[in-house]
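# Examination of the molecular architecture
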Amino acid sequence: MLKIDEVGPWSEVKLEILQRYAAEYSKILAQQSGLYHGYIDAFAGAGYHWSKRNRDFVAGSPLNALLVQPPFREYHFIDLDGDRTDNLKKLAGDRKDVHVHAGDCNTVLVDQVMPRFKYEDRRRALCVLDPYGLHFHWDIVALAGAMRSMELFINFPIYDININVLKHRPEDVLQLHRDRMTAFWGDEGVE
């Protein structure tokens, strides 16, 4: 059964900022001769949400990206939940420029999506990393930096970090949460 997330006002503002950024990014890159650009959403969800304030429909980042003009040349939407990826496929219809991937973004990005955007091939991408929790690994950020072809929009999951990792008594933090934070942050440093 498809689960549609409810989002608060802060998420609605974030979605608006991302939509405006994506529009400007696409406009600038579309004007560059011979440059190909794509859009990647590593935690795409179902494509839309419900507003906690008024229960109105709120377009999610995938729907907003599909409406950007000039359009991106290709889109990659990734989600772990098969019902959500099925919904994204329905929203995309028969568009050949939309690729929906069901799976862990840490694997899908590295194996299937990021290799499509090589600097030397004049291919660029805006990659959105907006997890609810500590679900992507810092290796993704490091790889994107090394590739020199991706712009990252990262939303840090402060709630998960605060509730599960940053405690007044560090000895009470479960090893599972320590490991998730280390994978997300890239090392065990605190500076």
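That block above? That's the structure.
Considering the arrangement of structural elements, one finds Asn87 in helix H3 (residues 82–92). Relative accessible area serves as the criterion here: at 10%, Asn87 is assigned to the buried category. Spatially, the C-alpha atoms of Asn87 and Ala46 are 5.9 Å apart, while their sequence positions differ by 41 residues. When sequence neighbours within four positions are dropped, the list of residues in contact with Asn87 reads Leu2, Ala46 and Tyr48.

So, about the sheet that holds strand E4 (residues 57–59). A sheet is described by the order of its strands in space; here three strands give the open sequence E1-E3-E4, paired in mixed fashion. The outermost strands of the open sheet, each flanked by one partner alone, are strand E1 (6–7) and E4. The pairing of E1 with strand E3 (residues 48–51) spans two bridges and is parallel. If you follow Glu6 over to E3, its bridge partner there is Trp50.

Moving on, we get to the pattern of salt bridges. Tallied over the entire structure, the rule returns 10 salt bridges. For Arg84, the salt bridge is made with Asp5, and the minimal N-O distance between the two is 2.9 Å. Separated by 79 residues along the polypeptide, Arg84 in helix H3 and Asp5 in the segment before E1 bring together distant segments of the chain. The partner of Glu74 in a salt bridge is Arg116, and the shortest N-O contact between them spans 2.8 Å. Residue Glu74 is found in strand E5 (residues 74–79), and its partner Arg116 is found in the loop between helix H4 (105–113) and strand E7 (123–129); the two are separated by 42 residues along the sequence. Taking relative accessible area as the criterion, Glu74 reaches 1% and is therefore assigned buried.

To continue, consider the packing of aromatic side chains. In total, this model carries seven aromatic pairs according to the counting rule given. Ring geometry for Tyr75 and Phe77: centres 6.2 Å apart, planes at 35°, overall tilted. With respect to burial, Tyr75 and Phe77 carry one shared label: buried. By way of ring pairs, the aromatic residues Tyr25, Tyr39, Phe72, Tyr75 and Phe77 are connected into one cluster. For Arg123, the ring lying beneath its charged end belongs to Tyr36, and the centroid distance is 3.8 Å. Above the plane of the ring of Phe117 lies Arg123, whose end atom (NZ or CZ) is 5.8 Å from the centre.

Across a sheet, strands are paired by hydrogen bonds formed along the backbone, either parallel or antiparallel in direction. Taken together, five strands build an open sheet; the order of strands is E6-E5-E2-E7-E8 and the sheet is parallel. Strands at the two margins of the open sheet, each flanked by one partner only, are strand E6 (98–102) and strand E8 (150–154). When strand polarity is set aside, the average angle formed by the axes of neighbouring strands in this sheet is 15°. Direction of pairing for strand E2 (residues 36–41) relative to E5: parallel, over a ladder of four bridges. Counterpart to Ile40 in the pairing with E5 is His76. Each of E2, E7 and E8 touches helix H1 (residues 9–30); the most contacted strand, E7, lies at about 175° to it. Against the sheet, H3 contacts E5 and E6, and its axis sits at roughly 170° relative to E6.

Basis of the calculations
- Residues numbered from 1 in each chain as written.
- Predicted model: local features only at pLDDT ≥ 70, side-chain atom pairs only at ≥ 80, totals over all residues.
- Heavy atoms only, no water.
- Helix = DSSP H or I, 4+ residues; strand = E, 2+ residues; numbered from the N terminus.
- Buried < 20%, exposed > 50% of the residue type's maximum accessible area, 1.4 Å probe, protein only.
- Contact = heavy atoms within 4.5 Å.
- Pairing = 2+ DSSP bridges.
- Salt bridge = Lys/Arg side-chain N within 4 Å of Asp/Glu carboxyl O.
- Phe/Tyr/Trp six-rings, centres within 6.5 Å; stacked < 30°, edge-to-face > 60°.
- Lys NZ or Arg CZ within 6 Å of the ring centre and 35° of its normal.
- Axes fitted to C-alpha atoms, helices over the stretch in contact; angles between N-to-C directions.

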